[in-house]
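Examining the three-dimensional arrangement
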Amino acid sequence: MRTHARAVVIGGGVVGVSTLYHLVRKGWTDSVLIERKELTSGSTWHAAGLLPLFNLSYSVGQIHKYSVALYQTLEQDTGLDPGLRQVSNIRLARTRDRMDEYNYYAGVAETIGVKVKFLTAGEVKKIWPLCDVDGIIGAIQHLEDGYIQPADLTQALARGARERGAEINRHTTVNAIERLASGEWKVSTDKGEVVCEHVVSATGNFARATGRMVGINVPVIPVEHQYIVTEAHPEIVKRKAQGLPEMGVLRESDSSWYMREEAGGLLLGPYEKGAPACYIDGLSSDSEYELFPEDLDRLAPHIETAIARVPAFGEVGVKKVYNGAIAYTPDGSPIVGPAPGLRNFWLNEGHSFGVTAAGGAGWQLAEWIVEGEPSIDMLGVDPRRFGPYADTGYLIAKNEEAYAKVFTVHYPDEERVAARPLRQTPCYARMKDLGAVFGSVYGWERPNWFAPQGYALSETDLAKPDVLLNENHPAVSPSEKPREKWSFRRSNYFQFVGDECRNVRDNVGLMDMSAFAKCEVSGSGAEGWLNSILTNRAPRRTGRVTLTYLLTKRGGVRAEFTLTRIGPERFYLVSAAALETHDFDALEKLLPADNSVRIDKVTTQRGVLVLAGPRSREVLAKVSDIDVSNAAFPWLTARRLSIKAAALIAMRVNFVGELGYELHHPIETQNAIFDALMAAGAPFGIKPFGIRAMDSLRLEKSYKLIGRELSIEYSALESGLERFVDFDKGPFLGRDALVAWRDKGFENKLVTLEVQGVTDADARGSEPVMKNGAMIGRTTSGGYGWRTGKSLALAMVGPEFSHIGGDVDVRILGETRRAIVIPDSPYDPQNKALRC
Ligand SMILES: Cc1cc2nc3c(=O)[nH]c(=O)nc-3n(C[C@H](O)[C@H](O)[C@H](O)COP(=O)(O)OP(=O)(O)OC[C@H]3O[C@@H](n4cnc5c(N)ncnc54)[C@H](O)[C@@H]3O)c2cc1C
């Protein structure tokens, strides 16, 4: 075994071997892989090998697309046939919601270059004659989809890596990983030690054990997953003898299973409710090619529906049932990227579709390691999308839920219920009493919208189509009735959100944004350091506020911060709740070595109430101890003040485009402030408002969000951030690349669109934008603007299509809508409301 290597990959499943393969293809031929037993002896050997392209996540969709393309080339590259069979994949639909999902997905797929075809029930029958199409209202087909032999795929990747110089050590167990004073890692095994620059953990169901070696909590706990293989069926054998093509993979989404031909018989894979988490305390040291006893009772409802749909399945005996551990994460997407808090330690873990994802995840991770950045926006799979709250109890509940929801309709407004309520701010109960219908972000409960007192969905609203899964509303406790119905279209809460928006426009609204990520940056080097990493100049005067961005070294946008100077050597940074770990990790990894800058995280110590609307100043004036007039407390400034007895920092900024204040306070004083504001605001019509109203209000201001309008794939200037990039303040991270990108010319421009002819389905983001039938961009957000009375979308389009007044088409749920490019900030373009 080599004693030194550029990178050590731990784990010889398909994911680890693919990472190694891509590292060596990027030139890191002195990389090493370490596997405790045989290659594929973890989860990989027993995978059914399906390669579903279908995925609503942008990051995962891109990863899967790359994999399928790569697997087609492997035999030529390595001489080994990975057993790829592109037999196509059909997903059936029995409900309108399901067809909406497919139509939405088809748009996402088009924007990332994945081909999807719609089929009628009759067409399904022609391709899958053994399928009874009764009740099927339509289907989608991926022609390039299919399956592969997971072990052969792994061996092909291994040969490709070895032939380029990589070393693969089997029957070698990593026991310890240690950071050396040099900054390198020492990986200790039962056969010796390797010192390396980078470590990649690709240890499948061992992920948490590997994480413990370096002191991190990897949010992966596997769940049991079974599939059934039948004896040969005469019909299928006959088809084969006649030389007929394989019928392809059939997915009955509304009954939550997949089926395909296997050796003349059928293979059925259900995703059932109640599949238990497993290996919670880890695996035994001798585990290898491990399976659990079968549990067919749990699968009974799925087997019944499978027999109803494909009667042939019930006509033959069961040959074998595989019940293996499948790695899961709380949202069901894998964990690919840098480990939080550790330099040069990388995770490629938590893969539940690891055979499908291995190619793309290995490719992007290798790019990230070798070049410092991935080229695809990987936020959807970034390990830093979870926080410390995602520990054992949470993982068991959420990962079991994620498994059970693989086939449910993925509504864009779905709020899953497991492990909730978890993180509650002090005003949670008050908001609940006011009718809050909560959503969850980063473990926090946040009001999404407010239902009128006594409001509940009717029995008709709740009537569920006759399908196995697919609740279209949250399950609530027996004492409560559901109040929201999820949909791809305008749903029951639409008008109530409108009421909240109008109240913010006309009177004053109060919102709980305590989940914001918050930290203080201090020290003699703080100002210089912030100026060297962020796009906008750090405020020179105490009490000034700016918006500023952290770029990638290529000039894309990694993070957004509201930056306030709160003292001579002290700054306060606020960023998105969901990105707390991500943003802090990015900042900490950039800290100077001389200890001149210190970061104190204060997210859970500070609450944030947003007071917004034309009457907000009058409310604040009634309860605070300072002059809050425009002259004394102008826009983009911060003041220390007291509301009754509670001291806090008020910032004149907000994300809704009205006169307003963010009130950052010690969390334990929140209810005193909340009560004072509600009492003082009563004569001015104060009412709470939620995230859905905020999203509508920010769209009307063309305000941007990380992960949508802002991404590592778009330069800060394509996203319209000119005002926040100060090229004259000296060098900063990404500056030179951004200038070079600008000189080269941009491929995209962010525009605001007014979508015409919308009746009940606004854009949501990720819809294709077309001109004369050709795709010219994609929406990044969309919704209805209540102040402007317009259906709006933000979109990235080719610069030649960005002129004001130009028209384009937006495809929303399969319908083409004309849209006009309008000036940014259709509501109050001069920012009069904000500045007054
Ligand atoms: C029944 C079933 C069916 C499935 N079907 C599909 C499917 O159709 N399509 C699909 O895409 N996915 C499928 N999957 C999921 C798929 O199997 C996994 O996502 C994939 O195999 C994960 O690969 P991996 O490399 O991450 O993990 P693994 O294959 O588990 O590899 C991890 C390796 O790390 C090694 N290791 C761990 N710790 C150490 C250490 N300390 N030192 C050295 N080595 C170590 C282990 O020995 C193991 O070999 C299925 C899973 C199950 C259970």
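Quantities reported herein were computed from a predicted structural model and do not represent experimental measurements. (Residues numbered from 1 in each chain as written. Predicted model: local features only at pLDDT ≥ 70, side-chain atom pairs only at ≥ 80, totals over all residues. Heavy atoms only, no water.)

**Topic: the overall build of the chain**
If you tally the helices and strands in the chain, you get 20 helices and 35 strands. For the chain, the spread of C-alpha atoms along the principal axes amounts to about 85 × 65 × 55 Å. Counting every position in the chain, which comprises 836 residues, the buried fraction comes to 62%. Surface summary for the chain: the accessible area is close to 30000 Å², and the carbon and sulfur share equals 50%. Placing the 97 positive and 104 negative side-chain charges of the chain at their respective mean positions leaves the two points 5 Å apart. (Helix = DSSP H or I, 4+ residues; strand = E, 2+ residues; numbered from the N terminus. Buried < 20%, exposed > 50% of the residue type's maximum accessible area, 1.4 Å probe, protein only. Areas by Shrake-Rupley, 256 points an atom, 1.4 Å probe, with all protein chains shown as cover. Lys, Arg positive; Asp, Glu negative; His and termini not counted. Charge placed at Lys NZ, Arg CZ, Asp CG, Glu CD.)

**Regarding helix α19 (residues 735-744)**
Restricting attention to buried positions, one finds in α19 the residues Leu738, Val739 and Trp741. Around the axis of α19, the buried residues are gathered within 160° of arc, so they sit on the same side. Those residues of α19 that are exposed and aimed more than 90 degrees away from the buried face are Asp736, Asp743 and Lys744. Gly745 sits one or two residues past α19 and shows a positive phi near 105°. (Arc of directions from axis to C-beta.)

**Overview of the sheet that holds strand β33 (residues 790-797)**
Pairing between the strands of a sheet comes from backbone hydrogen bonds, and it takes one of two forms, parallel or antiparallel. With antiparallel pairing, 6 strands are arranged side by side around a closed barrel as β30-β33-β32-β31-β34-β35. Neighbour to neighbour, the strand axes of the sheet diverge by 45° on average, direction disregarded. Bridge analysis of strand β30 (residues 749-755) against strand β35 (residues 815-822) gives 4 bridges, and the strand direction is antiparallel. By the bridge assignment, Thr752 is partnered in β35 with Ile822. Against the sheet, helix α3 (residues 96-112) makes contact with β31 (768-771), β32 (774-785) and β34 (807-812), and its axis sits at roughly 65° relative to β31, the strand it touches most. (Pairing = 2+ DSSP bridges. Axes fitted to C-alpha atoms, helices over the stretch in contact; angles between N-to-C directions. Contact = heavy atoms within 4.5 Å.)

**Quick word on the packing of helix α1 (residues 14-25) against helix α5 (residues 150-163)**
With their axes 8 Å apart at the nearest point, α1 and α5 run at an angle of 25° to one another. Taken together, the axes of α1 and α5 lie roughly parallel to each other. Relative to α5, the crossing made by α1 is left-handed. Taken together, the residues of α5 that come into contact with α1 (itself represented by Val14, Val17, Ser18, Leu20, Tyr21 and Val24) are Leu153, Thr154, Leu157, Ala158, Gly160 and Ala161. Counted by class, the contact of α1 with α5 contains 9 nonpolar, 3 polar and no charged residues. (Parallel < 35°, antiparallel > 145°, perpendicular 65-115°, else oblique. Left-handed = near helix turned anticlockwise from the far one by under 90°. Nonpolar A, V, L, I, M, F, W, Y, C, P; charged D, E, K, R; others polar.)

**Comments concerning the nonpolar core**
By size, the foremost hydrophobic cluster in this structure holds 56 residues, and its most contacted members are Tyr71, Leu153 and Leu157. Secondary-structure elements contributing two or more residues to this core are β1 (4-10), α1, α2 (58-78), α3, α5 and α9 (354-371). No other element matches α9, which puts 9 residues into this core. With residues near it in sequence (within four places) discarded, Leu157 still touches Val14, Val17, Ser18, Tyr21, Leu70 and Leu74. Judged by nonpolar contacts, the second largest core, of 35 residues, contains Ala5, Val8, Ile177 and Ala277. (Core = buried A, V, L, I, M, F, W, Y, C linked by side-chain atoms within 4.5 Å.)

**Looking at the site of the ligand**
Among the 36 residues in the neighbourhood of the ligand, the closest are listed as Glu35, Ser43, Thr44, His351 and Thr356. Take Gly354: an N or O atom from its main chain is 2.8 Å from an oxygen atom of the ligand. The protein chains hide 98% of the 1000 Å² of surface that the ligand would expose on its own. Those elements that place two or more of their residues in the shell around the ligand are α1, β10 (223-230), β14 (318-326) and α9. Considered class by class, the residues forming the shell around the ligand number 15 nonpolar, 19 polar and 2 charged. (Near = heavy atom within 4 Å. Polar contact = N/O pair within 3.5 Å; in protein donor to acceptor, adjacent residues only side chain to side chain.)

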